[in-house]
Amino acid sequence: MRSIQTLLVAAGLMFSSFSSNGQYVQAERDDTIRLYASTPFDSTVAIRALARGNSSIKGVAFTKPKTKFGYKAPLSKRIYANKIKIMLFPVTPYLLEYLELRKKENPKKLKFVYINPAASYYRYEAITNSVGEFTFPNLKPGRYYLEGILPWSQTSSYNQYTGSGYNGYGGVTDYYDRKYYNVAHYDKIAEFVEIQSEGQTVNIKLR
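Note that the coordinates shown come from a computational prediction; the quantities given were computed from them, not determined experimentally. (Residues numbered from 1 in each chain as written. Predicted model: local features only at pLDDT ≥ 70, side-chain atom pairs only at ≥ 80, totals over all residues. Heavy atoms only, no water.)

For the rest of this paragraph, the subject is the nonpolar core. In terms of nonpolar packing, the biggest core is built from 21 residues, with Ile57, Ile86, Phe134, Phe136 and Leu146 touching the most fellow members. Broken down by secondary-structure element, the contributors of at least two residues to this core are strand 2 (55–63), strand 4 (85–90), strand 7 (133–139), strand 8 (142–166), strand 9 (172–195) and strand 10 (201–206). No other element matches the four residues that strand 8 contributes to this core. Those residues in contact with Phe136, other than ones at most four positions away along the chain, are Ser55, Ser56, Ile57, Ile86, Met87, Leu88, Tyr124, Glu125, Ala126 and Leu146. With 14 residues, the next largest nonpolar core counts Leu35, Leu95, Leu99 and Val113 among its residues. (Core = buried A, V, L, I, M, F, W, Y, C linked by side-chain atoms within 4.5 Å. Buried < 20%, exposed > 50% of the residue type's maximum accessible area, 1.4 Å probe, protein only. Helix = DSSP H or I, 4+ residues; strand = E, 2+ residues; numbered from the N terminus. Contact = heavy atoms within 4.5 Å.)

Okay, here's the thing in structure tokens:
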């Protein structure tokens, strides 16, 4: 009797070992398309462009609500950037290719553009006040690219069906309640700016 039990245990161990060794774990799919600029980034050019100068860029950052077609309504009231970060990059051949490549980005198709970490590192930052004003002081003459993400929300509504009832005319009336909800938006605001001479202050609208 004991020998039969021993054989059964041994057979179970062999089957367990065989099943474990025979498993194959399917690798996860990675359908992400990653795009990178091919132009080399020259950090020495960026460092020289960001050297201290006597010029400045002053501006106001804002956006406007979009129409149902996705365009900013020109006559709508401004939505000012309240305490957001504005980034300033020196314009380099690498940056120009990167920005052009970014036009092909499509998150719905898992297509993303990635920036060289060094190119992202060499930049200045400014924080807007509550009415969107910002300043970049101590700049040299040159060409710069400014960018920020401005978050804002829009209130929309819909009629929610709550039931039906007979009316005084022998018919049925449907009843609705007005429901409100907020839609979050994140607008990218960007602009190329050129300082032409030492000591110049350039005033811009970043939108």
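Glancing now at empty space enclosed by the protein. Scanning the model with the defined rule gives one cavity of 30 Å³ or more in all. Size it by volume and the largest cavity reaches roughly 40 Å³. Every residue lining the largest cavity is listed: Phe41, Phe89, Pro90, Thr92, Tyr94, Leu95, Ala119 and Tyr122. Of all the elements in the fold, those that place two or more residues in the lining of the largest cavity are strand 4 and helix 3 (93–102). Split into classes, the residues belonging to the lining of the largest cavity amount to seven nonpolar, one polar and no charged. (1 Å grid on protein atoms, 1.4 Å probe; cavity = no way out; pocket = protein on both sides within 12 Å on 5 of 7 lines; lining within 4 Å. Points joined across faces, edges and corners; volume = space filled by probe spheres on them. Nonpolar A, V, L, I, M, F, W, Y, C, P; charged D, E, K, R; others polar.)

Ordered by their spatial adjacency, four strands build an open sheet running 6-4-8-9, and the pairing between neighbours is antiparallel. With partners counted over all chains shown, the strands left at the sheet margins are strand 6 (124–127) and strand 9, one partner each. The mean inter-strand angle of the sheet, taken between neighbouring strand axes irrespective of direction, is 20°. Examined bridge by bridge, strand 4 and strand 8 share five bridges and lie antiparallel to one another. Bridging across to strand 8, Phe89 finds its partner in Tyr145. (Pairing = 2+ DSSP bridges. Axes fitted to C-alpha atoms, helices over the stretch in contact; angles between N-to-C directions.)

Let us look at the layout of surface pockets. Estimates place the volume of the largest pocket at around 240 Å³. Those elements that place two or more of their residues in the lining of the largest pocket are helix 3 and strand 9. Among the elements that make up the lining of the largest pocket, the one with the highest residue count is helix 3 (four residues). Its residues assigned to classes, the lining of the largest pocket shows five nonpolar, no polar and five charged.

Both the distance between ring centres and the angle between the ring planes are used here to describe each pair of aromatic rings. Using the criterion set out here, one finds nine aromatic pairs in the structure. Seen from their ring centres, Tyr161 and Tyr176 are 5.7 Å apart, and the 65° between their planes marks the pair as edge-to-face. Linking Tyr161 in strand 8 with Tyr176 in strand 9, this pair joins segments that are 15 residues apart in sequence. Overall, Tyr161 belongs to the partly exposed group, its relative accessible area being 48%. According to the relative accessible area criterion, Tyr176 is partly exposed, its value standing at 46%. Taken together, Phe41, Tyr94, Tyr98, Tyr121 and Tyr122 form an aromatic cluster joined through their ring pairs. Cation over ring: Arg78 sits above Phe62, and NZ or CZ is 4.1 Å from the ring centre. (Phe/Tyr/Trp six-rings, centres within 6.5 Å; stacked < 30°, edge-to-face > 60°. Lys NZ or Arg CZ within 6 Å of the ring centre and 35° of its normal.)

Turning next to the pattern of salt bridges. A side chain with one charge can pair with a side chain of the opposite charge if their charged atoms come near. On inspection of all chains with the given rule, the structure shows six salt bridges. In this structure, Arg29 engages Asp31 in a salt bridge whose closest nitrogen and oxygen atoms are separated by 2.9 Å. Measuring nitrogen to oxygen at the nearest pair gives 2.5 Å for the salt bridge that ties Glu147 to Arg102. Placement of the pair is Glu147 in strand 8 and Arg102 in helix 3, with a sequence separation of 45 residues. We note that Glu147, like Arg102, is buried. (Salt bridge = Lys/Arg side-chain N within 4 Å of Asp/Glu carboxyl O.)

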